[in-house]
Each structure stands twice: as structure tokens, then as C-alpha cells.
Amino acid sequence: MNLMESFRIALRALKANKFRATLTMLGVIIGVASVILLTSIGSGVKKDMVDQIEGMGSNLLYVFPSDQGGTGQPSAKKFGMGDRDYLEQRLPTAEVVAGIVQAPAVAKAGSHSLRTMVGGANDPEHKAFKMDLEKGRASRKNELDSAARVAVIGATVARELFPNEDPVGKTFTVNGQRITVIGLLKKQGGGLTGDKDNVVHLPLSSAMRVLGTNDLAMMAVKVKDAKDLDRTSMMIKHALRPRFGTDLSVYSQKETVGVLDKLLGTLTVMLAGIAGISLVVGGIGIMNIMLVSVSERTREIGIRKAVGAKTYDVLAQFVIEAVVLSVIGGVIGILLGAGGAAALKPFLPTTVEAWSTITAFLFAAGIGVFFGVYPAAKAARLDPILALRHE
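Values in this document were obtained by computation on a predicted structure and should not be read as measured data.

### As for the overall build of the protein chain
Piece 1. Assigned secondary structure in the protein chain consists of 12 helices and 12 strands.
Piece 2. Residue burial in the protein chain is summarised as follows: out of 391 residues, 47% are buried.
Piece 3. Of all intrachain contacts in the protein chain linking residues separated by at least 6 positions in sequence, the fraction that spans at least 24 positions is 80%.
Piece 4. Accessible area of the protein chain: about 19800 Å², with a carbon and sulfur share of 61%.

Next up, the structure:
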């Protein structure tokens, strides 16, 4: 009997027990769907975080006042504009040294209010940080110098404060101070760190006045040439050491992306491994059901062997049944997993990776072969005389 005939007999046997076959596939379906869904979340989170960092600009170094003494507490020392000016004078490799402030605040417009993140940087030409505008314009140098109360806002702020209106030219307040909208950012969507559209960007001088602070949260240094990143990092530490000592952290964009990529990549593989356990459980379920099937069909096996079916034919029939169950379950699981990832996309960053889909499918097919061989071998070894006597 050829392979196609064995395939047809296997499909006929599965068709005769549709409900049992469906229950058998359920473990594989859940396992594959879990692998696809969890790896898509892990990959999506990884891509979202990397995109956020890279989206801030290129060739950047981030400088933070931080305690390096091992206490785990933030440094009591803070950056001021004097530190930024001092650093700018001593970095010939830097294209721009941007001081940054940011803090949560409540924005209000008429009867509408929203808790948002207010930030500012002395980077009016946006050499360091990219700003993709939907409409309007970014702030100018004269507005930075005069502490003009103008802002570029995100899509969430526009929607909540100015529903069904063009926000450009409208005014709102932050901490009681009136601000005019001059630009609207393109919609970015939600991210792991929160709503990236719930932001208000002011000139640095205006942000300091509105937030009531003279301290900088951090500084960002854009280096003219990426080859000078390490050199510039050393120059920053040397320049600020007299004032901050070891209470200073300098991170390059490349280092940050590398650490995140490794950490989240490991997390994604761990999630896939955890989900893979359910695939093994599904395979055990297939083996159990196939053993029951062998027991129920003992007389059928005896008749087939009595009329000339070889051991290979019986073995092939039961292995094919197990593989078909796994493959069909795998396909359904892939569709459910991809559908679940798409459904979660508005709430979580998800990316369905080709490698996880292919791996899950091949693993499901392999499960069918691995756990189908023992029941198939048991059926193939049955003595036809004893099988025919079976009740």
C-alpha cells in the first residue's frame, strides 16, 4: 500500500471521530497560539523600546546626575544651565548640547483637563531630537530666548483639550499659565512607557518657568561624528568630574539599544519556552488519544494485517493520523495567535515574527511525529491472530 493510500485511510479514520480529533488538537492549538502571541508581545515591546530610543535622534549621548556609590538613591546634585553652558564650551566634538526638563502637570482648556507630560529642551532647530509635525511649526530660537509661552502638543492632548477642533492657534493653561499651541505632532500611538502622544513640548526657558524649576532632568549631547562617541563620553566625565565626581552617568544610544535588545530578546525566548510547554502537553494528549484509538481498532488492525497489510502500512497510518492532527492544530493555532496579536495591538506593541511562526509550526508537526510513533509502533506490532480475537 502506497503512502497516499495510507494518508486517505488516516483521514477517513479522523473524520469518523470528529469530536475526539477536535479535542485532541486543542492542546496543540493552545500551545501554538500561546507561542505566537507571547513572542509577538515580546518582539513588539522590544521593537517599540528600540524605536523610541532611536527616534530621539542619532549619535546621542545622554547625561544624568546619578549616584554611583551603590546606595541606589538618586544623586542630591542636579544639573543647571550653567553645567550645560560649561559642557558646551568644552566639547569640540559636539554638534549640540541640549538641556532637558520634564515633569507631569495638568493641562486645561475650558472645561477640559488632562494630566500630561510637560517637557522642554534648548534645541529650537531640532538638531538633536526629531520632531514630526502634523501641522503648524516648531519653536524658534527667539522664542527660546524670550521664554515665549508656545507649545507643540501631541495628538492625545489635542483630542482631549480641543475635541473636533484644529488646536493650532488655540490656547490652554499649564499650572495656571496660558500657552499658545503653535504645532501638532504626528500621531505615534501607545507604547510600553505610556501614551507617546500625551506630551506638551515647550522651549526650555518656558518649561522651566511653567514647571517652577531651574534644574535640568538630564542633558543630551549630539556628537558630530559617531566615531567620537566614546571620546566625547570621556570628555563629558572629565569636564563634570570637579562638580559631580562619580555622581554622573553617561549612556550612548548604541549602548542603551544594545542592552535593551539583549534583555528583551532573552525575555522573548523565555516567553516562547514557557508557551512551548503547553505544546508538549498537547503532544502527550495526542499520544494518549492515539493509544485509545489503537485499543478500539485492534480488530480492524488484525483484519488489515490478515489481508496483507505490512507492519510499515499500519505504522504509517497511525503516524500520519498523529501528524495530521498536529499540523491542522498548528495552522489553527497560528491563525488564532496572529489574530490575538492583531487584537492586542491597540493596547500593547505586538509584532508577529516569521521565525516564531515557522518554529511553532515545525515544532507542532514534530510533536505529532514524536508522540505518534509509540502508539503507531504498538499497533504495527500486534499479532493478527490475537488482534482478530479481540473483543
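### Things to note about the environment of Ala-364
Piece 1. One can find Ala-364 in helix α11 (residues 354-380).
Piece 2. A sequence separation of 35 residues divides Ala-364 from Gly-329, and the C-alpha atoms of the two residues are 7.9 Å apart.
Piece 3. Those residues in contact with Ala-364 that lie beyond four places of it in its chain are Val-28, Val-32, Leu-279, Ser-326 and Gly-330.

### Here's the deal with the nonpolar core
Piece 1. Grouped together as the largest cluster of nonpolar side chains are 44 residues, with contacts concentrated most on Val-63, Leu-87, Ile-153, Phe-172, Val-221, Ile-236 and Leu-240.
Piece 2. Look past the residues within four positions of Val-63 in its chain and what remains in contact with it is Phe-79, Met-218, Met-219, Val-221, Ile-236, Leu-240, Leu-248, Ser-249 and Val-250.
Piece 3. Grouped together as the second largest cluster of nonpolar side chains are 21 residues, Ala-21, Ile-320, Val-324 and Ala-364 included.

### With respect to the environment of Ser-139
Piece 1. Positionally, Ser-139 belongs in the loop between β4 (133-136) and α4 (141-145).
Piece 2. Here Ser-139 falls in the buried class, since its relative accessible area comes to 17%.
Piece 3. Through-space distance from the C-alpha of Ser-139 to that of Val-152 is 7.7 Å; in sequence the pair is 13 residues apart.

### Brief notes about the pattern of salt bridges
Piece 1. Across all of its chains, the model carries 11 salt bridges by this definition.
Piece 2. One salt bridge in this structure joins Arg-84 and Asp-85, with 2.7 Å as the shortest N-O distance.
Piece 3. A salt bridge links Glu-165 to Lys-170, with the shortest nitrogen-to-oxygen separation between them at 3.9 Å.
Piece 4. Taken together, the salt bridges that share partners define one network made up of Arg-84, Asp-85 and Glu-88.

### Details of the confidence of the model for the protein chain
Piece 1. In this model, the protein chain carries a mean pLDDT of 81, and residues with pLDDT of at least 70 account for 82%.
Piece 2. Across the protein chain, strand β6 (residues 171-174) holds the top mean pLDDT of 95, while strand β8 (residues 190-191) sits lowest at 56.

### Quick notes on the side chain of Ser-356
Piece 1. Along the polypeptide, Ser-356 turns up in helix α11.
Piece 2. Ser-356 sits in the buried class, given a relative accessible area of 2%.
Piece 3. Here the side chain of Ser-356 touches Thr-39 through a polar contact of 3.4 Å, side chain to side chain.
Piece 4. Residues contacting Ser-356, with those up to four places away along its chain left out, are Val-35, Ile-36 and Thr-39.

### Some words on helix α7 (residues 229-244)
Piece 1. Spanning 16 residues, α7 covers 21 Å between terminal C-alpha atoms, matching the ideal 22 Å at 1.5 Å per step.
Piece 2. Of the positions making up α7, those classed as buried are Leu-229, Thr-232, Ser-233, Met-235, Ile-236, Ala-239, Leu-240 and Phe-244.
Piece 3. At its buried positions, α7 is contacted by β1 (60-64), α3 (81-89), β11 (218-223) and β12 (249-252).

### Focus: the pairing of strand β2 (residues 94-109)
Two faces, one strand: in a regular strand the side chains alternate between the faces of the sheet.
Piece 1. Pairing between β2 and β11: 6 bridges, direction antiparallel. Pairing of Val-96 across the sheet is with Lys-222, part of β11.
Piece 2. In terms of strand pairing, β2 meets strand β3 (residues 112-121) through 10 bridges, oriented antiparallel. Directly across from Ala-109, in β3, lies its bridge partner His-112.

### Things to note about the environment of Gly-154
Piece 1. Tracing the sequence through the fold places Gly-154 in the loop between β5 (150-153) and α5 (155-161).
Piece 2. For the pair formed by Gly-154 and Asp-195, sequence separation is 41 residues and the distance between their alpha carbons is 9.6 Å.
Piece 3. Excluding residues within four positions of it along the chain, Gly-154 makes contact with Leu-184, Leu-185, Asp-197 and Val-199.

### Thoughts on the packing of aromatic side chains
Piece 1. Under the defined criterion, the tally for this structure stands at 3 aromatic pairs.
Piece 2. Relative to Phe-244, the ring of Phe-79 lies with its centre 5.0 Å away and its plane at 70 degrees, an arrangement referred to as edge-to-face. You can see Phe-79 sitting in the loop between β1 and α3 and its partner Phe-244 sitting in helix α7, a full 165 residues away along the chain.
Piece 3. A relative accessible area of 0% means that Phe-79 is categorised as buried.

Conventions adopted
- Residues numbered from 1 in each chain as written.
- Predicted model: local features only at pLDDT ≥ 70, side-chain atom pairs only at ≥ 80, totals over all residues.
- Heavy atoms only, no water.
- Helix = DSSP H or I, 4+ residues; strand = E, 2+ residues; numbered from the N terminus.
- Buried < 20%, exposed > 50% of the residue type's maximum accessible area, 1.4 Å probe, protein only.
- Contact = heavy atoms within 4.5 Å.
- Areas by Shrake-Rupley, 256 points an atom, 1.4 Å probe, with all protein chains shown as cover.
- Core = buried A, V, L, I, M, F, W, Y, C linked by side-chain atoms within 4.5 Å.
- Salt bridge = Lys/Arg side-chain N within 4 Å of Asp/Glu carboxyl O.
- pLDDT = per-residue confidence, 0-100.
- Polar contact = N/O pair within 3.5 Å; in protein donor to acceptor, adjacent residues only side chain to side chain.
- Expected span 1.5 Å × (residues − 1).
- Pairing = 2+ DSSP bridges.
- Phe/Tyr/Trp six-rings, centres within 6.5 Å; stacked < 30°, edge-to-face > 60°.

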